[in-house]
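Chains, contacts and geometry: an overview
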Amino acid sequence: MPLHLERIEWMPSPPLAPDDGPIDFEHLNRMTLGDAGLEQEVLAMFVAQSARLVRALAAKPADASALAHTLKGSARAIGAFAVADAATRLEAAIARGFDASAALAELGETVAEARAAIEADLRRS
């Protein structure tokens, strides 16, 4: 019995994490169950925590991998996926014993972008 193959035109799938800015506010909205007050509280906490962690990481402490891991989790929770990806690369560089200065610089840049987006959002609220 011959196989009947037919060509079907598929539409491309949307990205898993939208690339429209440093914060995926739709993801954040889902994570906070649509509670605008909770969303603002979580964003303010991330602004403070991320600044503190980047400063701590700049000192290259012995627990740098754990600090990067903490920042990665916090970033994923609020939809700051570029920050989470940069923290993942820093964590991997540290684990492999590589020079982590480029990964740390990238992390600092992505955190600054995310914090600027958050601060702009908080001002609008």
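Bear in mind that the values here come from a model prediction, so they are computed numbers and not experimental data.

Let's shift gears to the packing of helix H4 (residues 81-96) against helix H5 (residues 101-124). Helix-helix packing is characterised by the crossing angle of the two axes and by the distance between the axes. Put simply, H4 and H5 touch, their axes get as near as 9 Å, and they point 165° apart. With respect to their mutual orientation, H4 and H5 come out roughly antiparallel. Our pair here, H4 against H5, has a crossing hand that is left-handed. In contact with Ala82, Val83, Ala86, Ala87, Arg89 and Leu90 of H4, H5 contributes Ala103, Leu104, Glu106, Leu107, Thr110, Val111 and Ala114. Partitioning the contact of H4 with H5 into residue classes produces 10 nonpolar, one polar and two charged.

Over its 16 residues, H4 extends 23 Å from the first C-alpha to the last, a length consistent with the 22 Å expected when each residue adds 1.5 Å. Taken as a whole, H4 has its buried residues at Val83, Ala84, Ala86, Ala87, Leu90, Glu91 and Ala93. Those residues of H4 that are buried are in contact with helix H2 (36-58), helix H3 (64-78) and H5. Once H4 finishes, Gly97 follows within two positions and takes phi at roughly 75°, a positive value.

Calculation notes
- Residues numbered from 1 in each chain as written.
- Predicted model: local features only at pLDDT ≥ 70, side-chain atom pairs only at ≥ 80, totals over all residues.
- Heavy atoms only, no water.
- Axes fitted to C-alpha atoms, helices over the stretch in contact; angles between N-to-C directions.
- Helix = DSSP H or I, 4+ residues; strand = E, 2+ residues; numbered from the N terminus.
- Parallel < 35°, antiparallel > 145°, perpendicular 65-115°, else oblique.
- Left-handed = near helix turned anticlockwise from the far one by under 90°.
- Contact = heavy atoms within 4.5 Å.
- Nonpolar A, V, L, I, M, F, W, Y, C, P; charged D, E, K, R; others polar.
- Expected span 1.5 Å × (residues − 1).
- Buried < 20%, exposed > 50% of the residue type's maximum accessible area, 1.4 Å probe, protein only.

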